[in-house]
Structures are given as structure tokens and as C-alpha cells.
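Observations on the model geometry
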Amino acid sequence: VQLVESGGGLVQPGGSLRLSCAASGFTFSRYVMRWYRQAPGKERELVAGISSTGGTTNYADSVKGRFTISRDNAKNTVYLQMNSLKPEDTAVYYCNAEDIYGVYNYWGRGTQVTVSS
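**Re the environment of A97**
With respect to the secondary-structure elements, A97 resides in strand β9 (residues 91-99). Each C-alpha atom of the pair A97 and R37 lies 14 Å from the other, and the pair is 60 residues apart in sequence.

Printed below as a string of C-alpha cells:
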């Protein structure tokens, strides 16, 4: 099983980034996908989630209206479009997969997002 995040980097406040998470080794279409983030000295927090079919999404209040989660089950990939980025969005962003029964749970290694001028 692998979850490989990409797309992180350094961006100025107000800018945008698109994170991708490529999955392999499991039946992607049967898994709920989530993005978490962890800033230095803080606990890991849920940023956004998307159901196995993509029909339902949810967001942390801090990112609503700015971030959009989506998935392409044909490409086994989940995305996080991040707009209007703020310095407080700086964190390592992790991709998470959980099967619809809540039995299996997998994590990626994370990608760094830094928002700074």
C-alpha cells in the first residue's frame, strides 16, 4: 500500500497550490479519503474529507470556501486545491485513506506547504 503526496512548496500569501495524493495497493474506490495537516508544535488536524464516490465532502471551518477536495477514481488520486492561502496554512499535509467499514487506515508521508512572503 502506498499513498504518495505531491504538489507542496513555498507560496506567497493569497496564492494557490494543488496537492495530489496517488494511491496504490488497495481498492481506491472503496476508501474514504482525507487530507490532514500538522503545523510545528501543533496536533494533526483534519482539513478535508471526501466519500468513496466523491459525492460527499466536508471541510474544517478554517478552510471552508478556500480549499476544495476532489478525487479521480479512475486515476486512484485525490486532490486538494488550496486558494487564498494564509501563513497559518503552513504545515505538513498528509493524505489518509480509510475503508468504508473503518477497518483499514493508511497514511502518506506528507508534503510541506509553506505560506510566506
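Resuming the write-up.
**Considerations on the nonpolar core**
In this structure, M33, W35, V78, L80, M82 and Y93 are the most contacted members of the largest nonpolar core, which totals 29 residues. When neighbours within four sequence positions are excluded, M33 is seen to be in contact with L3, F28, A48, G49, I50, I69, R71, V78, C95, N96 and A97.

**Some details on the pairing of strand β4 (residues 31-38)**
Burial within β4 is extensive, with 7 of its 8 residues counted as buried. Sheet analysis places β4 next to β9, joined by 8 bridges and oriented antiparallel. Directly across from Y36, in β9, lies its bridge partner Y94. Bridging between β4 and strand β5 (residues 45-50) involves 5 bridges; their strand directions are antiparallel. In the strand pairing of β5, R37 is matched with E45. What sits between the antiparallel neighbours β4 and β5 is a turn of 6 residues, in which G41 has the positive phi angle 75 degrees.

**A look at the sheet that holds strand β8 (residues 77-82)**
Pairing is antiparallel in the open sheet, where 4 strands are placed in the order β1-β3-β8-β7. Sheet topology places β1 (2-6) and β7 (67-72) at the edges, where each strand pairs with a single neighbour. Each adjacent strand pair in this sheet contributes to an overall mean axis angle of 15 degrees, direction not counted. When β7 meets β8, the two strands line up antiparallel, connected through 6 bridges. When the sheet's bridge partners are listed, D72 is paired in β8 with T77.

Definitions and cut-offs
- Residues numbered from 1 in each chain as written.
- Predicted model: local features only at pLDDT ≥ 70, side-chain atom pairs only at ≥ 80, totals over all residues.
- Heavy atoms only, no water.
- Helix = DSSP H or I, 4+ residues; strand = E, 2+ residues; numbered from the N terminus.
- Core = buried A, V, L, I, M, F, W, Y, C linked by side-chain atoms within 4.5 Å.
- Buried < 20%, exposed > 50% of the residue type's maximum accessible area, 1.4 Å probe, protein only.
- Contact = heavy atoms within 4.5 Å.
- Pairing = 2+ DSSP bridges.
- Axes fitted to C-alpha atoms, helices over the stretch in contact; angles between N-to-C directions.

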